[in-house]
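Each chain is listed here by its residues.
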Amino acid sequence: MDTLESTTRLLRLLSLLQSPPERRPGRRDRAERSGSLDPAGWTGPRLAARLGVSPRTVRRDVQRLRAAGYPVRTASGAAGGYRLDPTGPLPPLLLDDDEAVAIVTGLRTAVGGTVTGIEPTSARALAKLERVLPARLRGRVDALDAVTVPLPGCGETVAPADLTTIAAACRSAETLRFDYRTHDGREAVRTVEPHRLACTGRRWYLLAWDLDRADWRTYRVDRIRLRPSTGPRFAPRTLPDHDVAAYLTAGISVRAYAHHATVLLHASPELASARIGASDGVLEAIDADTCRLITGASSIDALAIHLAFLDLDFTVEGPPELVDRVARLAGRWTRAAG
């Protein structure tokens, strides 16, 4: 019984070390105040309290984990502190039921994802995880898989190396220079200060400060062909909006197009949100039964067709050309139905 309890405690200790401790509201651990412990680490007393044992037992269990090959780092200081060393080899992960289901579902989705070459890597990781998945969880993920119909993707994918290079440049504040295929198919060279990456589920986008245009721009990553090396470091700028997600949504659904429209939708914000995705436009709730849609398209005709297929009642606020076009289409469709 003692061996079983000791093994169970070791597994619980390993699980705790793989997760950052919760912040205590209004206070900080003594080790954190002294700077001797990374905020992501656990103090010895907190581990002891969570495990229901003495700090001495915690120290002994940490030694057993190290003997088993786990890279547990010790912080200095009277309170003591522990964390897994991220520079060491990847340790086995301990997952609860919901985490395991989320990872399996994510890997199955990634097999048909938007990143070039990720499918075989995801499939290998999925196969390893499914081999050790308990029966109680296998039924949950198999039920989802059995009723899910995969649809063809949008066709545009990005290389993992490009994503990691761009992400590293964002984090390190290094200038990027790349060839870019514009919306109308022309090739152009861009020099930018990259700040954020975003994914809508279908496409990846880069938010960056364009040095030649002295303004913020949003770029589709699948249209980027990176030059061989990153450029000089830069001082990160204040982002163009405190709500970066909303700014990016407007960038890819409105500002990217030559023609813009503002439309009143006679529908609840909940219903409109269910019909309109991030790449379709920006929604502003007005009241319980009305919201405003700001959207864009490559032509006035495309705007009119886009609005028709929303299957919602609407009133065009502008531009006047769209009002005229909708009126002509309404007359034509009425005659066609007559």
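Each remark here, short or long, concerns the structure printed above.
Residues numbered from 1 in each chain as written. Predicted model: local features only at pLDDT ≥ 70, side-chain atom pairs only at ≥ 80, totals over all residues. Heavy atoms only, no water.

### Examining the overall build of the chain
(1) Moving on: Across its full length, the chain carries 12 helices and 12 strands.
(2) Moving on: Taken over 338 residues, the chain has a buried fraction of 36%.
(3) Moving on: Approximately 19600 Å² of the chain is accessible, and the part contributed by carbon and sulfur atoms is 55%. (Helix = DSSP H or I, 4+ residues; strand = E, 2+ residues; numbered from the N terminus. Buried < 20%, exposed > 50% of the residue type's maximum accessible area, 1.4 Å probe, protein only. Areas by Shrake-Rupley, 256 points an atom, 1.4 Å probe, with all protein chains shown as cover.)

### Structural notes on the sheet that holds strand β10 (residues 282-287)
Adjacent strands of a sheet pair through backbone hydrogen bonds, lying either parallel or antiparallel.
(1) Moving on: Strand order in the open sheet formed by four strands is β10-β11-β9-β12, and the pairing between neighbours is antiparallel. Lying at the two open borders of the sheet, with one neighbouring strand each, are β10 and β12 (314-318). Averaged over all pairs of adjacent strands, the angle between strand axes in this sheet comes to 25°, irrespective of strand direction.
(2) Moving on: Where strand β9 (residues 259-265) and β12 come together, four bridges link them in antiparallel fashion. Pairing of leucine 265 across the sheet is with phenylalanine 314, part of β12. (Pairing = 2+ DSSP bridges. Axes fitted to C-alpha atoms, helices over the stretch in contact; angles between N-to-C directions.)

### Notes on the pattern of salt bridges
(1) Moving on: The tally for this structure, following the rule as stated, stands at 11 salt bridges.
(2) Moving on: Of the charged contacts, one joins arginine 9 and aspartate 61 as a salt bridge, the two residues approaching to 2.5 Å between their closest N and O atoms. One end of the pair, arginine 9, is in helix α1 (residues 2-17); the other, aspartate 61, is in helix α4 (residues 55-67), and 52 residues separate them in sequence. Assigned by exposure class, arginine 9 and aspartate 61 land together as buried.
(3) Moving on: Put simply, aspartate 179 and arginine 225 hold a salt bridge, and the shortest N to O gap is 3.6 Å. (Salt bridge = Lys/Arg side-chain N within 4 Å of Asp/Glu carboxyl O.)

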